[in-house]
Amino acid sequence: MSLEVSVQRAVSGFTLDATFASAGRLTALFGPSGSGKTMLINLISGLMRPDRGRIAIDNTVLVDTDARIAVPIYKRRIGYVFQDARLFPHLSVRQNLRFGRFFAPRTDRWADEAAIIDLLGIGHLLDRRPGMLSGGEKSRVAIGRALLASPRLLLMDEPLAALDDARKREILPFIERLRDELKVPIVYVSHSAQEVARLATDVVMMRDGRVLATGPAEAVLPRLDTLAEESGESSSLITLTVAEPMPEWGLTRLRSSGGEWRLARVQAAAGTKLRVRIRARDVMLSRLRPEQSSALNVLEGAVTAIAPLGEAEALVTLDCGGDAITARVTRLSADALELSPGTPVFAVVKSVSFDPASTAAIRGVPSADLLA
Amino acid sequence: MDWLQLSPEEWSAVRLSIKVSSWATLASLPLGLAVALLLARGRFPGKSVLNGIVHLPLILPPVVTGYLLLLSFGRRGVVGGFLAEHFGIVFSFRWTGAALACAVMGFPLMVRAMRLSIEAVDRKLERAANTLGASPLVTFLVVTLPLSLPGVVAGAILCFAKAMGEFGATITFVSNIPGETQTLPSAIYTFTQVPGGETGALRLTAVSIVIAMAALVASEAFARRIDRRFTVE
């Protein structure tokens with residue numbers, strides 16, 4: 001699947017002018033509130049029409065203002081999970097789920113009702129009315145309803161924004177499973193760097209109606225600091241394989257292509273692949289291998305790029321045996337260490353700075369995809 | 001209890017009234033729904049003009065409405081002449097004319113109730129139905145209509161009640177012919193015009209009250225059933 005979007009739309013004082021293409025399984029539209037993310041998916045779904053532009057999925061053109069093409073919403077077959085669920089109050093959960101089933105052409109119906117109900121864990125809710133569901137249950141039913149219409153693309157507009165932290169933890173694994181197990185690609189709107197780090201294969205970074213950066217998550221997330229400060233902070237995404245637990249210390253030994261890691265609070269079986277988010281501010285740099293230091297994770301690498309950040313700081317990107325790691329340091333330190341592209345350097349990461357909430361289990365995903 | 005016994009003429013007035021009102025309600029239901037939908041959801045030039053025309057029978061004296069119907073739907077009227085010549089449909093001095101007069105008089109009440117309840121349906125739900133593949137027509141039938149059903153039923157019952165009581169426009173348009181156009185109100189009016197007609201007028205008044213109450217109770221019961229079905233989110 002490939003999604004190509006190039007649209008312009010002006011509404012009372014706000015102009016959206018966005019162009020991106022993505023073939024990712026989960027493309028996150030990421031940016032602060034008011035950056036035009038929801039407007040962009042409304043344009044993709046057909047709820048809104050662009051002033052000018054073109055939108056195509058694979059080779060199907062949905063909108064082309066030059067060619068005067070505008071496929072109506074109900075013929076686009078693009079699922080939309082709204083932030084407020086929008087279940088039909090007069091229908092049972094079962095009827096809600098089956099609502100879109102027969103609208104898709106018979107040959108295009110890929111959705112397997114039993115499998116999706118099972119995947120979302122909503123089998124016990126089928127005879128209830130939407131009014132009797134909790135927030136998390138409503139979200140899952142809304143996702144199931146969109147999927148059972150057999151869409152060719154699934155749009156999700158901050159599906160977790162209205163939920164509390166416990167409900168978010170309940171829903172996140174389901175979204176990971178959708179991403180990894182179903183064939184429908186997802187476009188996911190979020191303003192949370194944690195969610196994006198955990199879910200996204202590709203990121204479209206937005207601000208003030210424009211696309212600031214687009215590409216694989218591994219390439220975009222390390223640049224967050226230089227792109228838009230309020231959206232979060234730079235971080236690196238490292239793929240790690242669980243090697244063995246170290247129960248006497250409550251730690252887990254993991255391996256990446258760059259070396260060995262020892263992290264706390266990892267709950268995964270040996271052999272599991274994890275994608276871990278390391279914040280740039282948690283990475284320390286040293287020209288010599290640190291001896292007698294408390295830091296457990298030391299990776300040897302070389303500087304690939306240095307980008308100034310504000311008046312006093314800099315983002316230093318390293319290549320540690322294939323792992324791209326970004327460190328946020330002061331300009332003074334960068335200068336004192338005489339860093340420049342090619343300089344050999346050690347990245348030091350404290351084990352306790354690792355954030356389990358943004359760690360994603362990678363299921364059935366060829367890791368090359370994630371490391372593109 | 002002899003005075004409670006309705007005479008054959010009185011029975012015929014009761015039957016005619018129910019027939020006329022039922023036809024007036026059922027025949028104007030599809031058009032009323034379409035106009036209500038247009039006024040609730042449509043955006044087009046001349047919307048306020050359409051709204052005005054729909055409401056006209058509510059504010060005009062009924063006699064004026066009846067006279068306008070006579071001019072346009074009478075045998076020599078533009079519409080009436082055309083319908084009689086090409087389709088054999090005659091309104092003047094027939095029960096069908098009484099039904100037409102009642103439908104026109106009840107129409108604004110029907111449209112008003114339906115429009116309000118359609119406007120109260122969350123458009124976001126209609127949007128959600130569209131993204132699931134439902135065309136605008138299907139969306140109306142399976143989302144908007146069921147959710148606005150209480151108002152649609154209320155509109156139909158209001159129209160029926162108005163039709164049962166319609167007098168001015170009916171008598172002006174189709175006169176007061178026993179067995180053909182003499183509805184309950186016309187029959188009561190006739191009784192009050194002749195000496196000794198008080199018991200007849202009273203009997204028919206009692207019948208009117210019973211029918212009106214029955215309609216009201218039925219609509220309330222229906223509304224309660226619908227309320228139970230929707231547990232509003």
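In this text, all values refer to a predicted model and were calculated from it rather than measured experimentally.

1. Some details on the overall build of chain B
Regarding its fold elements, chain B presents eleven helices and zero strands. Sorting the 233 residues of chain B into buried and exposed places 44% on the buried side. Taking all contacts inside chain B whose residues are at least 6 apart in sequence as the whole, residues at least 24 apart take part in 71%. Entry remark: accessible area of chain B is about 12300 Å², with carbon and sulfur atoms responsible for 69%.

2. With respect to the environment of Arg 128 of chain A
Residues and elements named next belong to chain A. Here Arg 128 shows up in the loop between α4 (113-120) and α5 (135-148). The exposure class assigned to Arg 128 is partly exposed, which follows from its relative accessible area of 33%. Sequence separation between Arg 128 and Ser 92 is 36 residues; the distance between their C-alpha atoms is 5.6 Å. Those residues in contact with Arg 128 that lie beyond four places of it in its chain are Ser 92, Val 93, Leu 133 and Glu 137.

3. So, the environment of Ile 117 of chain A
Residue and element names in this part refer to chain A. Within the fold, Ile 117 resides in helix α4. Residue Ile 117 is classed as buried on the basis of its relative accessible area, which comes to 11%. Expressed as a C-alpha distance, the spacing of Ile 117 and Leu 97, which sit 20 residues apart in the sequence, is 9.0 Å. With near-sequence residues (within four places) excluded, Ile 117 lies in contact with Leu 97, Ile 122, Gly 123 and Leu 126.

4. Remarks on the packing of helix α2 (residues 47-59) of chain B against helix α5 (residues 95-119) of chain B
Relative orientation and spacing of two packed helices are given, respectively, by the angle between their axes and the distance between those axes. All names here are of chain B. Between α2 and α5, the least distance of the axes is 7 Å, while the angle of their chain directions is 125°. With respect to α5, the axis of α2 lies oblique. Crossing of α2 over α5 shows left-handed handedness. In this structure, α2 uses Asn 51, Val 54, His 55, Pro 57 and Leu 58 to contact α5, whose residues at the interface are Val 104, Met 105, Phe 107, Pro 108, Leu 109, Val 111, Arg 112 and Arg 115. For the contact of α2 with α5, the class distribution of residues is nine nonpolar, two polar and two charged.

5. So, the environment of Pro 72 of chain A
Residues and elements named next belong to chain A. In this fold, Pro 72 is placed in the loop between β6 (69-70) and α2 (73-76). We classify Pro 72 as partly exposed; its relative accessible area is 27%. Along the backbone, Pro 72 and Ser 45 are 27 residues apart, and their C-alpha atoms lie at a distance of 9.0 Å.

6. A word on the side chain of Thr 181 of chain B
Among the structural elements, Thr 181 of chain B can be located in the loop between α9 (168-174) and α10 (184-193). We classify Thr 181 of chain B as buried; its relative accessible area is 0%.

7. Quick notes on the UniProt feature "transmembrane region" (unreviewed entry) in chain B
Within this numbering scheme, the UniProt entry marks residues 20-40, 52-73, 93-111, 132-158 and 201-223 of chain B as carrying the feature "transmembrane region" (unreviewed entry). With 100% helix and 0% strand, the stretch residues 20-40 of chain B has end C-alpha atoms that lie 29 Å from each other.

8. Side note on the UniProt feature "domain: ABC transmembrane type-1" (unreviewed entry) in chain B
Residues annotated in UniProt with the feature "domain: ABC transmembrane type-1" (unreviewed entry) correspond here to residues 14-222 of chain B. Span residues 14-222 of chain B is 80% helix and 0% strand, its end C-alpha atoms 25 Å apart.

9. Focus on the pairing of strand β10 (residues 202-207) of chain A
Residue and element names in this part refer to chain A. The element β10 is largely enclosed, with a buried count of five among its six residues. With six bridges joining them, β10 and strand β11 (residues 210-216) adopt antiparallel strand pairing. The residue bridging Val 203 from the neighbouring strand is Gly 215, located in β11. Counted between consecutive antiparallel strands, the loop separating β10 from β11 contains two residues, among which Asp 208 sits at a positive phi close to 50°.

10. A closer look at a nonpolar patch on the surface
All names here are of chain B. A cluster of nonpolar side chains, Val 64, Tyr 67, Leu 68 and Leu 71, forms an exposed patch at the surface whose accessible area comes to about 370 Å². Topologically, Tyr 67 is positioned in helix α3 (residues 62-73). For Tyr 67, a relative accessible area of 45% corresponds to the partly exposed category.

11. Some thoughts on the nonpolar core
All names here are of chain A. Leu 154, Met 156 and Leu 178 are the most contacted members of the largest nonpolar core, which totals 48 residues. Examining the composition of this core, we find that six residues originate from one element, α5, more than from any other. Every residue in contact with Met 156, bar those within four places of it in the chain, is listed here: Ile 41, Val 81, Ile 143, Ile 175, Leu 178, Ile 186, Val 187, Tyr 188 and Val 189. Listed in part, the 30 residues of the second largest apolar core include Ile 57, Val 63, Val 71 and Met 206.

12. Here we look at the packing of aromatic side chains
Any pair of aromatic rings gets described here by the distance separating the centres and the angle formed by the planes. Taken as a whole, this structure holds seven aromatic pairs over all chains when the rule is applied. Taken together, the aromatic side chains of Phe 88, Phe 99 and Phe 103 of chain A make up a single cluster linked through ring pairs. Taking NZ or CZ as reference, Arg 145 of chain A lies 4.7 Å from the ring centre of Phe 88 of chain A, over its face. Residue placement shows Lys 19 of chain B over the ring face of Trp 95 of chain B; its charged tip is 4.3 Å from the ring centre.

13. As for the interface of chain B and chain A
At the junction of the two partners, chain B supplies 21 residues and chain A supplies 23 residues. Linking chain B with chain A are one salt bridge. Where chain B meets chain A, there are two residue pairs in polar contact (both at pLDDT 80 or more). For the side of chain B that touches chain A, the secondary-structure elements that each account for two or more residues are α6 (123-131) and α7 (136-147) of chain B.

What counts and what doesn't
- Residues numbered from 1 in each chain as written.
- Chains lettered and ligands numbered in written order.
- Predicted model: local features only at pLDDT ≥ 70, side-chain atom pairs only at ≥ 80, totals over all residues.
- Heavy atoms only, no water.
- Helix = DSSP H or I, 4+ residues; strand = E, 2+ residues; numbered from the N terminus.
- Buried < 20%, exposed > 50% of the residue type's maximum accessible area, 1.4 Å probe, protein only.
- Contact = heavy atoms within 4.5 Å.
- Areas by Shrake-Rupley, 256 points an atom, 1.4 Å probe, with all protein chains shown as cover.
- Axes fitted to C-alpha atoms, helices over the stretch in contact; angles between N-to-C directions.
- Parallel < 35°, antiparallel > 145°, perpendicular 65-115°, else oblique.
- Left-handed = near helix turned anticlockwise from the far one by under 90°.
- Nonpolar A, V, L, I, M, F, W, Y, C, P; charged D, E, K, R; others polar.
- UniProt positions renumbered as here; feature names shortened; annotations may be inferred.
- Pairing = 2+ DSSP bridges.
- Patch = residues over 30% accessible without salt bridge, like charges linked within 9 Å, V, L, I, M, F, W, Y side chains within 5 Å.
- Salt bridge = Lys/Arg side-chain N within 4 Å of Asp/Glu carboxyl O.
- Core = buried A, V, L, I, M, F, W, Y, C linked by side-chain atoms within 4.5 Å.
- Phe/Tyr/Trp six-rings, centres within 6.5 Å; stacked < 30°, edge-to-face > 60°.
- Lys NZ or Arg CZ within 6 Å of the ring centre and 35° of its normal.
- Polar contact = N/O pair within 3.5 Å; in protein donor to acceptor, adjacent residues only side chain to side chain.

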